[in-house]
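If you want the building blocks of each chain, they are given just below.
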Amino acid sequence: DRLAPQPAAAPSAPTPTAPAAAPAAAVPEGWTAVPHSRVRKIIAQRLQESKTTAPHFYLRMSARVDTLLALRAQLNASGRVKVSVNDFIVKAAAQALVDVPAMNVVWTEEAVLQAPTADVAIAVASEKGLVTPVIRDVASLSLSALSAKIKDAVGRANEGRLSTADLQGGTLT
């Protein structure tokens, strides 16, 4: 009967293979390359396999941001540049990268590249599609300077004037 349960195939053990010789990733100026150990490479491979084969669930949460909204209203009433809630979130994310430098990294096949600054990519749904321009060294910017840089990046994205360099190098989106 074709509807009868079929025995599950025994999972095959991964076959160890010698890694193909790959060119070393270029390390951007100011960045530090931390080569992967054999164990780290295996862990990464298993995590990738898990992501594609195991069921996942996702959590949602909400946050009360009354104090943030009051601060935003106060800043916008007294300043030239109007800041958004998103500006606060990008600034906080950059500070988190500074506070936990082990998260301010990019994975490559050969090494984890540690970034010297908190460069955050922002998602922009432009008329030409979704793009992610990178705002450089966000932690060093004032909130108003960050807001101005984000507004400039959004404007250039909508006009189709982003360069390849504008879209590379972020460690968080």
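Let us look at the structure shown here. In this text, all values refer to a predicted model and were calculated from it rather than measured experimentally.

### Digging into the sheet that holds strand β2 (residues 105-107)
Point 1. The strand order across the open sheet formed by three strands is β1-β3-β2, and the pairing between neighbours is antiparallel. A strand with exactly one partner marks an edge of an open sheet, and here the two such strands are β1 (32-35) and β2. For this sheet the average axis-to-axis angle between neighbouring strands, irrespective of direction, equals 25°.
Point 2. By the bridge criterion, three bridges tie β2 to strand β3 (residues 111-114) in an arrangement that is antiparallel.

### Points about a nonpolar patch on the surface
Point 1. On the surface, a nonpolar cluster with roughly 290 Å² of combined accessible area is contributed by V65, L69, V85 and I89.
Point 2. Counting through the fold element by element, L69 comes out in helix α2 (residues 66-78).

### Considering the side chain of H36
Point 1. Secondary-structure assignment places H36 in the loop between β1 and α1 (38-53).
Point 2. A distance of 2.8 Å separates a polar side-chain atom of H36 from the backbone oxygen of T108.
Point 3. Ignoring anything within four residues of it in the chain, the contact list for H36 reads K41, W107, T108, E109, E110, A111 and V112.

Definitions and cut-offs
Residues numbered from 1 in each chain as written. Predicted model: local features only at pLDDT ≥ 70, side-chain atom pairs only at ≥ 80, totals over all residues. Heavy atoms only, no water. Pairing = 2+ DSSP bridges. Helix = DSSP H or I, 4+ residues; strand = E, 2+ residues; numbered from the N terminus. Axes fitted to C-alpha atoms, helices over the stretch in contact; angles between N-to-C directions. Patch = residues over 30% accessible without salt bridge, like charges linked within 9 Å, V, L, I, M, F, W, Y side chains within 5 Å. Areas by Shrake-Rupley, 256 points an atom, 1.4 Å probe, with all protein chains shown as cover. Salt bridge = Lys/Arg side-chain N within 4 Å of Asp/Glu carboxyl O. Polar contact = N/O pair within 3.5 Å; in protein donor to acceptor, adjacent residues only side chain to side chain. Contact = heavy atoms within 4.5 Å.

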